[in-house]
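The residues making up each chain are set out below.
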Amino acid sequence: MAHLSTSEIDDIAAATVDFRLPTLVDNVYVGTPLIKALDVKHRITAQGGTRISQPILYGRAPGGSYRGMSPMDVARRKTKTRFELDWKQYYGSVTIDGLTALSASGPDAIFELVDTEMQQAEMTIIESMGTDTFLDGTSNFGWALDGLDEAVNTTGSYGGINRVTDVEGPALLGNRDATGGDLTLPAMQSSWGAATHGGRHPDIIVTDQKLYDRIWAHVHPSQRLPIGPLAESLSDKGPMGQAGFDSIRFNTAVVMVDEKCPAGTLWMLNTDYISLVAHVARANMEVQGPVTSLNQDGTVRKLLWMGNLVVSSPRMQAVMTNLTEP
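Calculation criteria
- Residues numbered from 1 in each chain as written.
- Predicted model: local features only at pLDDT ≥ 70, side-chain atom pairs only at ≥ 80, totals over all residues.
- Heavy atoms only, no water.
- Helix = DSSP H or I, 4+ residues; strand = E, 2+ residues; numbered from the N terminus.
- Buried < 20%, exposed > 50% of the residue type's maximum accessible area, 1.4 Å probe, protein only.
- Expected span 1.5 Å × (residues − 1).
- Bend = angle between axes of the 7 residues up to and from the residue.
- Contact = heavy atoms within 4.5 Å.
- Polar contact = N/O pair within 3.5 Å; in protein donor to acceptor, adjacent residues only side chain to side chain.
- Salt bridge = Lys/Arg side-chain N within 4 Å of Asp/Glu carboxyl O.
- Pairing = 2+ DSSP bridges.
- Axes fitted to C-alpha atoms, helices over the stretch in contact; angles between N-to-C directions.

(A) Up close: unusual backbone geometry. Residues Gly289 and Pro290 are joined by a peptide bond in cis, for which omega reads 15°. Mapped onto the elements of the fold, Pro290 is located in strand β13 (residues 286-292). Positive phi, normally seen in glycine, also occurs at Asn140, with a value near 55°. You can see Asn140 is positioned in helix α5 (residues 139-142). Look at Asn251: it is not a glycine, yet its phi comes out positive at around 55°. Topologically, Asn251 is positioned in the loop between β9 (248-250) and β10 (253-257). Overall, the relative accessible area of 33% leaves Asn251 in the partly exposed class.

Quick look at the structure:
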């Protein structure tokens, strides 16, 4: 039986990586309902820059009622600024040792070997990004996504702006209800109201399975089918429905389960003001390699993503914590 040469193995491995890459990218963006919802609405890519810059309004320009020739305030006032977030990077590796590669009996075996490694790399990236989406950005030396727990807060800093001491700080205040206890519809309505401004309100509610079941029981007597743009994507033919996400409705928001959502926590999010920004060169994963180890018999390919989660208006978001699990 003829054995494959090293160059033939590399060619098959490269073709397998290219074949599997689109599926991997799609699955990463389905990692959490929130990330998928953002991807459905608009995938944002950036060309570069040392940091991700987000403009915000924090004050009002002069103006109001007047009569006749009454004087007007025409002084120029600073009403807008920018906050900045660092780029965050994620990777998965596809490693093939020489013994395993050369022991493979043909192209199909090499394909299966690389495909298995790609699945493992995919799961690593999905697990890492999905978990970090809900956290405060401090994990792994602060290299993780600046997650929701950091963005939707009433203390600390976000994007270099201190919510308490900086004049722009109030513009970055989120809505947090740490009362906890049993989850009730009136309590949910209170958080909903806090995150509603004019006709702008949360369009997706994310929680864990037990709290989702509690909400389901509360709204069971009433109509609980989602409506609106996200609802269309949740239909059998829509991208979120095809991804396997089920939902119910609270007011006009889609309520969904996310297994990465911390227990006892419920997020009310307006996705018009949340973006998953990815660097254009790595939005669909950049593949580097193969690199041959200097002191080991094996090759490594790296799958790389770079970007961050950006919440441009924390006041449009709300979170309930310390809720009792049924």
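(B) Quick peek at helix α1 (residues 6-28). The terminal C-alpha atoms of α1 lie 31 Å apart, and with 23 residues this matches the ideal 33 Å at 1.5 Å per residue to within 8%. Of all the bends in α1, the largest measures some 35° and sits at Leu21, one to four residues before the proline Pro22. Buried within α1 are the following residues: Ile9, Ile12, Ala13, Thr16, Val17, Arg20, Leu21, Leu24, Val25 and Val28. Check the buried side of α1 and you find it contacts α2 (33-41), β4 (88-97), α3 (98-103), α4 (107-132), β13 and β14 (298-311).

(C) Just the side chain of Thr133, in detail. Relative to the elements of secondary structure, Thr133 occurs in the loop between α4 and α5. Classification of Thr133 by relative accessible area gives buried; the value is 1%. In contact with Thr133, other than residues within four places in its own chain, are Leu34, Ile35, Leu145, Gly147, Leu148 and Leu309.

(D) Representation of the side chain of Asn175. Mapped onto the secondary structure, Asn175 falls in strand β7 (residues 175-177). For Asn175, the side chain forms a polar contact with the main-chain oxygen of Ala194, separated by 3.4 Å. Once you skip the residues sitting within four places of it in the chain, Asn175 turns out to touch Val152, Ala194, Ala195, Pro314, Arg315, Gln317, Ala318 and Val319.

(E) Representation of the pattern of salt bridges within the structure. Applying the stated rule across the entire model yields nine salt bridges. Arg282 is paired through a salt bridge with Glu286; the nearest N and O atoms lie 2.6 Å apart. The buried category is assigned to Arg282, whose relative accessible area is 16%. One continuous salt-bridge network, built from bridges that share partners, spans Arg20, Asp115 and Glu122.

(F) Spatial organisation of the sheet that holds strand β15 (residues 318-320). The strand order β7-β15-β11-β8-β10-β9 describes an open sheet built from six strands, whose pairing is mixed. The open sheet has two edge strands with one neighbour each: β7 and β9. Direction aside, the axes of adjacent strands within the sheet are offset by 20° on average. Bridging between strand β11 (residues 266-269) and β15 involves three bridges; their strand directions are antiparallel. When the bridges of β15 are listed, Trp267 appears paired with Val319.

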